[in-house]
Every structure is written in structure tokens, then in C-alpha cells.
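Report on the structure
Residues per chain are reported as follows:
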Amino acid sequence: MSQTASLGLGPNDLESYWMPFTANRQFKSRPRLIVAAKDMHLTTADGRKIIDGSAGMWCVNAGHCRETIVRAVQEQVARMDYSAPFQGGHPGQFEVGARLALMAPSKLNHLLFACSGSEAVDTALKVAIAYHRLRGEGTRTRLIGRERGYHGVGFGGTSVGGMVNNRKFFGPLLNGVDHLPHTYDRSKMAFSRGQPEWGGHLADALEGLVQLHDASTIAAVIVEPMAGSTGVLVPPKGYLERLRELCTTHGILLIFDEVITGFGRLGAGFAAERFGVVPDMMTVAKGLTNATVPMSAVFVRNDIYETFLAAAPENAIDLFHGYTYSGHPLATAAAKATLDLYQEERLFERARELEPYWENAIHGLRDCRHVVDIRNIGLVGAIELEPRPGKPTARAFDVFLKGFDRGLTFRITGDTVALSPPLIITRSQIDEIFGILREVINTVD
Ligand code: PXG
């Protein structure tokens, strides 16, 4: 019996659902259906175990189906399924808010909740613009992103994002957006371990944009401290520090999009902590609930929150923004249990301790066929392959399909293999992942 038939799916039942960011024709002709997940592994419909080299999509940081998180969500749904978040609340929202504020760099002690990274990003961009307006600097509306940045798929995030396929189909996008150059130059930084030595000066491009547009028109700069989706671009030494300095000088808010880098991925609570650079706002999602229930958050500097509250007349709303599911009780239950687990199992520290082993293992693939660069930081790694002539992305896609057949999954972007395993990974599982990858990369054309 075929995989789909054994699941009770008819021959055409894969047709209606339009899968996101997916080669639909390819998938539907040879589906890779997952029916169960536990710790480091997924189970396919035909009963094969697949080791998860990417923590889903950089989000299942504590591993799959962790008992305490599952139980917390089950208990919550039975007790209270939903409560309205506007002019109302439930204890879970406040508890998670207070705990996150304690984890964050000082001064980032207030948070808004949303349901996805995209919503968090659009929320942060809107708050930045409104904040300047409330302070009497209403001309500060311009948003600055970065080439090769990914900030989700809302119109705000798409506009400040810098991956061409995510932008080019969707019209003029937001007005008044500009971009910094990306920080990658293979000729200067190939096979760097951790932060590249070269490239800190690229942050000076912000000074150029200030000269061009004038600081009085710029509301915020948004960057991923480490760019994930574009293929793991680790910030050059001194780069984030310089961006911080320039933003402060020019009164521009600095937003770190930590949707991927938050919650231990870089061996610290946040990239802000790992790199010692504190932004004015920070977006997180993914690892916040271990991906069990969708949830995201925007951390804002205390005085930003105070500015909104001070500007609102008595008994009037201070921020005209929010979602039906902001701080959903199932999400906050999952977040609480997830934060407990991170603490109990010291998973952020564990990621930091495993980093040298991970780094050596991934750089061990340097002699494989097609490999033109390897990058790493925290429990993140990328192996960049030379594209097939005239067929960009085809080689990495073949590696992906063959890897899946051999029992391993990971993310691919362009011709880059991206890895970001659950932080519970063991050394022997690291060896297993790179053993499979070595074999697969060496056997694709
Ligand atoms: N910001 C960053 C930095 C992200 O990585 C988003 C925002 C949007 O989050 P939502 O929850 O709206 O998808 C992301 C999402 C990949 C991959 O494989 C990465 C993401 C999503 C899907 C795939 O690189 N990141």
C-alpha cells in the first residue's frame, strides 16, 4: 500500500493544500509525510526514523514532543481554551512576560505578544514608527533592512527583507525602505570558524544611508544578528557593535530579529547576550514555545513602553495594535513549560559547550566534493556547495532528497545546506549527521 493510502488519504488528497515555500509538484509526486516526532527524531509515514538536523525550522530547540510541554498544553486546553487579549488577560500572559523580561538584556523589559515571527517583525516596525511620532519626530518613518535579510512574509517584513525571490513577485512593497549591504564575501571569509575577522567596517554603510536620507527620516534599522534563512551569515567581528554605535549617534532604533537566534541557538539566551550588543527592540518566536504552539514576542526598551503610556489620555488605549491570539493561553502554557525545560536541562549552556565539537565536525567536511565554504556559530552551521552550472539550487536539493532517504533532514537555501539541531543533540548524533552528509555530498553530481 502506498504511503498516502496507509494514512487514509485518497490519490488526489494531496492536491488541495498549497504548501508554503515548497516545490509542490515535486513533493506531491513523492511525498515526505511525517506522522510522529520524539526528541531528535521524526517518523515518516512508512515507519522510517529521520534524525532532525534543523530542529524543524530552527524552532524545536528542546527536541520534539517533550513530555512536560505536552502535558502543560493538554492541561491548559482542558482548563481554559481561550480568553480575549484586548481589555482582558489571563495569568499566563503576565507570567511569561515577567519571565522573559528577566531573561532579556536589562532595559528590554516590556513585551508584546503575537503568533509568528512575521507578526512580531511587523509589530516592531509599527511600534518604531509610532514611537518617534509620539516623541514629536513624526518624520522618522524610514525603515532600513539589509540585503539577504529575512524578516518573515508580512508586507513590513518583506519590505525590509533582502532575499530577492521573497520580494520580486509582490509589487512595490512599503515606501521609504532602504537596505544595508549584506556581510558576506567568500573571498575574504571562506571557512571562518565563528565570527569572520573581515567585514566589521560594512556597518559604516549606515553612515552612508544617513548622509543620503538624513537621520531625521529614519525610524529603525532591523537586522538578524546572525542571518539564518539566507544561509547562515555570521556577523563579522565589530559589525554589530558599530551598527549599535551609529544607531545611538543618529537616534535610530536598532531592532534585532532574534526569531532564529533567540533561546539558546547561539549558546546564550539571545544573540544580544552572545555578542554583547543590546538593541532597542528584539523579536523572538520559534524556540519561545519549542514550536509546540505558535507564539512570538517583541521586546521593547522600557522608555518606549513608557512613551506610549504617557501619551494616552486616561482610560484610552495606548497602542492600536494586537492580534486575536496575542498571548493565547495554550501558547503561554507551552512557553512556561519550555522556559522551565531550558533551565532544568541547561540547554543554552549545553549548546555553548557543544559548540567546539560541532565546529570541528562541520569543518571536517571541507574536503568533500563541491564544498566552497563552511560557516558556524553556536549550534548552527552551513555548508555551501558550488552550484551546478546553469542550475542554481539543484545540487543542494538533490543533497536534501538523498539525505532524507538516508534518514537525515535539514534546511536548504540556495545551494547551502543549513543545520541547527535541537540543543539536546549528543556527540554521537553530531557524528551521525555529518557522516550521512559526507556520504551524500560526495555522491551527488
Ligand atoms: N524573522 C526571522 C529572522 C526568521 O528566521 C521570521 C522572521 C518569520 O517567522 P514566521 O514565524 O512568520 O515564519 C523568520 C522565519 C529556513 C526558514 O529554513 C526560516 C524561517 C521560516 C521558514 C524557514 O531558513 N524563519
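Source: prediction; values computed, not measured. (Residues numbered from 1 in each chain as written. Predicted model: local features only at pLDDT ≥ 70, side-chain atom pairs only at ≥ 80, totals over all residues.)

1. Brief notes about unusual backbone geometry
- Positive phi, normally seen in glycine, also occurs at Lys107, with a value near 85°.
- The class for Lys107 is partly exposed, based on 15 C-beta atoms found within 10 Å.
- Even without a glycine there, the phi angle at Asp214 is positive, about 80°.
- Within the secondary structure, Asp214 sits in the loop between α10 (205-213) and β7 (218-223).
- Judged by the 13 C-beta atoms lying within 10 Å of it, Asp214 is partly exposed. (Buried ≥ 20, exposed ≤ 12 C-beta atoms within 10 Å, placed from the backbone. Helix = DSSP H or I, 4+ residues; strand = E, 2+ residues; numbered from the N terminus.)

2. Concerning the domain arrangement of the chain
- Segmentation of the chain into domains returns domain 1 (32-62 + 346-443) and domain 2 (70-344).
- Look at where the C-alpha atoms of domain 1 and domain 2 centre, and you get two points 26 Å apart.
- Taken together, the contact pairs 32 residues of domain 1 with 29 residues of domain 2.
- Mapped onto the side of domain 1 that touches domain 2, the elements with two or more residues apiece are α3 (55-58), α15 (347-363), β11 (371-377), β12 (380-385) and β15 (416-419).
- In terms of residues, the side of domain 1 that touches domain 2 owes the most to one element, α15, which gives seven residues.
- Per-class residue counts for the side of domain 1 that touches domain 2 are 15 nonpolar, ten polar and seven charged. (Domains from an automatic or database assignment. Contact = placed C-beta atoms within 7 Å. Nonpolar A, V, L, I, M, F, W, Y, C, P; charged D, E, K, R; others polar.)

3. Here's the deal with the environment of Val153
- If you trace the backbone, Val153 turns up in the loop between β5 (142-146) and α7 (155-160).
- Exposure remark for Val153: the 18 C-beta atoms within 10 Å place this residue in the partly exposed category.
- Put simply, Val153 and Ser118 are 35 residues apart on the chain and 5.8 Å apart in space, counted from C-alpha to C-alpha.
- Other than its neighbours up to four places away in sequence, Val153 contacts Ser118 and Thr158.

4. Looking at helix α11 (residues 239-250)
- The terminal C-alpha atoms of α11, which comprises twelve residues, lie 17 Å apart, in line with the 16 Å expected from a rise of 1.5 Å per residue.
- Among the residues of α11, Tyr239, Leu240, Leu243, Arg244, Leu246 and Cys247 are the ones counted as buried.
- Where α11 is buried, its residues touch α10, β7, β8 (253-257) and α12 (271-275).
- Positive phi appears at Gly251, one or two residues downstream of α11, with a value of about 65°. (Expected span 1.5 Å × (residues − 1).)

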